[in-house]
Amino acid sequence: MGRGNVGPIELRNTVDLVREKLTKSIIDGTLEAGERIVEVQLARSMNISRGPLREACRLMEQQGLLESKPRRGFFVKEFGVDAINNLMQLRIALQVEAARLAVGRMGEDGLTELQRRFDVLRSAIARGEDVETTLDSSLDFHRLIFELTDNPRLLRAFDDMLPDIRLVSAYCNRFEQDQTGESDAFYLDNIPPLIAAFVTGDADKVAAAMREYLERVYKTHLSVYRDIKPARAGAQGQRRGPC
């Protein structure tokens, strides 16, 4: 069980700020998968009323970060192996096709931006940034591939998956880093070959490289999720891994 105290909050747009703070707390493990949102305790810790907290939770339920249970309240969404299979199978199908489309439409500016976003991720790793920063940098890299397709429906489909991808990745990432200490190497070893494939301009090579990358992510997630249950009771305070 997480600590349940996510700290005080400053007044701005209260609902949005509460949602940001809760999202960060889920990503960094302060609020764990399956944990109940205790409204009284959280509202007190953030120095707000329960109204904005409840509204933020409703919005996060729509995003797929929380789920509600009748007469029990909101809980951090929890994934099993079947859900990982469904998510990753869909992601592979969409992102391989997105990569194939993007390579024919991106031009030099697109290649430059792809490299720049990887450099941002690499810098975050070098600085030892927290799980949220590194995860967001990685997902920004992948989202660019969908942007470069010039296909709004494909981009929307990725954005619809994004909350689940973030949740699954963050959960696995913390466990992976704690167990091996080598999760950052996944990014540094496996993203450069993706960029190199884009540089060739060959759609088949790009699609093959993207499929290989995502299947490695898929395999890692499944392996971690199968290990999480027996280790979960003693595994806290972990950090990051691939997405």
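Now for a description of the structure that goes with this document. Keep in mind that this is a model prediction, so the values were computed, not measured.

To continue, consider the environment of Ser 137. By secondary structure assignment, the location of Ser 137 is in helix H6 (residues 131-147). According to the relative accessible area criterion, Ser 137 is buried, its value standing at 9%. Sequence separation between Ser 137 and Arg 117 is 20 residues; the distance between their C-alpha atoms is 7.2 Å. If near-sequence neighbours (up to four positions away) are discounted, Ser 137 is found in contact with Val 120, Leu 121 and Ala 124.

In this section: unusual backbone geometry. The backbone of Arg 71 sits at a positive phi, close to 65°, despite the residue not being glycine. For Arg 71, the location among the structural elements is in the loop between strand S1 (66-69) and strand S2 (73-76). One non-glycine residue, Asp 150, lies in the positive phi region at around 60°. Mapped onto the secondary structure, Asp 150 falls in the loop between H6 and helix H7 (152-180).

This brings us to the nonpolar core. If you look at the biggest cluster of nonpolar residues, it comprises 75 residues, and the most contacted ones within it are Leu 22, Leu 53, Ile 145 and Phe 198. Leaving out residues up to four positions away in the same chain, Ile 145 has contacts with Gln 95, Ala 98, Ala 99, Ala 102, Leu 114, Phe 198 and Met 210.

Here we take up the pairing of S1. If a strand is regular, its side chains alternate between the two faces of the sheet. Judged from the 4 bridges that link them, S1 and S2 form a sheet pairing that is antiparallel. In the strand pairing of S2, Glu 67 is matched with Phe 75.

Residue placement: Arg 122 occurs in helix H5 (residues 107-127). For Arg 122, a relative accessible area of 39% puts it in the partly exposed group. With 62 residues separating them in the primary sequence, Arg 122 and Asp 184 have C-alpha atoms 9.1 Å apart.

Bringing the packing of helix H2 (residues 39-46) against helix H3 (residues 50-63) into the picture now. When two helices pack together, their arrangement is given by the angle between the helix axes and the distance between those axes. Following both chains from N to C, one finds H2 and H3 inclined at 115°, their axes separated by 9 Å at the closest point. The orientation of H2 relative to H3 falls into the category roughly perpendicular. Where H2 crosses over H3, the two elements pack in a sense that is right-handed. Residue-level contacts link Glu 39, Val 40, Leu 42, Ala 43 and Met 46 of H2 to Arg 50, Leu 53 and Arg 54 of H3.

With respect to the helices and strands, Arg 54 occurs in helix H3. Sequence separation of Arg 54 and Glu 39 is 15 residues, and the distance between their C-alpha atoms is 7.5 Å. Other than its neighbours up to four places away in sequence, Arg 54 contacts Glu 39 and Phe 74.

Attention now goes to H5. Counting along an α-helix, one turn takes 3.6 residues, and residues three or four places apart therefore face a common direction. Under the 1.5 Å per step criterion, the end-to-end length of H5 is 31 Å for 21 residues, consistent within 8% with the ideal 30 Å. Among the residues of H5, those classed as buried are Gly 110, Leu 111, Leu 114, Arg 117, Phe 118, Leu 121, Ala 124 and Ile 125. Along the axis of H5, the buried residues cluster in a sector spanning 145°; they form a single face. Exposed positions of H5 whose direction lies more than 90 degrees from the buried face are Glu 108, Asp 109, Thr 112, Ala 126 and Arg 127. Downstream of H5 by one or two residues, Gly 128 has phi in the positive range, about 70°.

Let us look at the packing of aromatic side chains. Summed over the entire model, instances satisfying the criterion amount to 2 aromatic pairs. With a centroid separation of 4.5 Å and 20° between ring planes, the pair formed by Phe 146 and Phe 158 is classed as stacked. Highlighted residues: Phe 146 in helix H6 and Phe 158 in helix H7, separated in sequence by 12 residues. By relative accessible area, which is 0% here, Phe 158 ends up buried. Above the face of the Phe 75 ring, Lys 69 is positioned so that its terminal group lies 4.4 Å from the ring centre.

Looking now at the side chain of Glu 39. Secondary-structure assignment places Glu 39 in helix H2. The class of Glu 39 is buried, set by a relative accessible area of 13%. Those residues within four positions of Glu 39 in sequence are excluded, and the remaining contacts are Arg 50, Leu 53, Arg 54 and Phe 74.

With that out of the way, let us pick up the packing of H5 against H6. Close contact between H5 and H6 brings their axes to 8 Å; oriented N to C, the two are set at 170°. The angle between H5 and H6 places the two elements in the roughly antiparallel class. Across the interface between the two elements, Gly 110, Glu 113, Leu 114, Arg 117, Phe 118, Val 120, Leu 121, Ala 124 and Ile 125 from H5 touch Thr 133, Thr 134, Ser 137, Ser 138, Asp 140, Phe 141, Leu 144, Ile 145 and Glu 147 from H6. Class assignment for the residues of the contact of H5 with H6 results in 9 nonpolar, 5 polar and 4 charged.

Criteria and cut-off values
- Position labels on residues start from 1 in each chain and follow its written sequence.
- Two thresholds apply to this predicted model, a pLDDT of at least 70 for residue-level local features and 80 or more for giving and counting side-chain atom pairs, whereas whole-chain, interface and lining totals are computed over all residues.
- Each side-chain value is derived from all of the structure's non-hydrogen atoms; neither hydrogens nor water enter the calculation.
- Only runs of H or I of at least four residues qualify as helices and only runs of E of at least two qualify as strands under DSSP, and these elements are numbered from the N terminus.
- Burial classes follow relative accessibility: with a 1.4 Å probe on protein chains only, a residue under 20% of its type's maximum area counts as buried, one over 50% as exposed, and anything between as partly exposed.
- It only takes one pair of heavy atoms within 4.5 Å for two residues to be counted as in contact.
- By nonpolar core we mean a set of buried residues, namely Ala, Val, Leu, Ile, Met, Phe, Trp, Tyr and Cys, connected to one another through side-chain atoms within 4.5 Å.
- Criterion used throughout: strands pair if DSSP finds at least two bridges between them.
- Every axis corresponds to a line fitted to the C-alpha atoms, with the helix fit spanning only the stretch in contact, and the corresponding angles, defined between N-to-C directions, vary from 0 to 180 degrees.
- Small angles under 35 degrees read as roughly parallel and large ones over 145 as roughly antiparallel, with 65 to 115 read as roughly perpendicular and the rest as oblique.
- Handedness of a crossing is defined here by the sense of rotation of the near helix relative to the far one, left-handed for an anticlockwise turn of less than a right angle and right-handed for a clockwise turn.
- The span you would expect from a helix comes to 1.5 Å times its residue count less one.
- In this description, one arc is meant: the one made by directions from the helix axis to the C-beta atoms.
- Ring geometry is summarised as follows: Phe, Tyr and Trp rings, the Trp one being its six-membered ring, pair when their centres sit within 6.5 Å, and such pairs are stacked at plane angles under 30 degrees, edge-to-face over 60 and tilted between the two.
- Only when the NZ atom of a Lys or the CZ atom of an Arg is both within 6 Å of the ring centre and within 35 degrees of the ring normal do we say a charge sits over the ring.
- Asp, Glu, Lys and Arg are counted as charged, while Ala, Val, Leu, Ile, Met, Phe, Trp, Tyr, Cys and Pro are counted as nonpolar; the rest, among them Gly, fall into the polar class.

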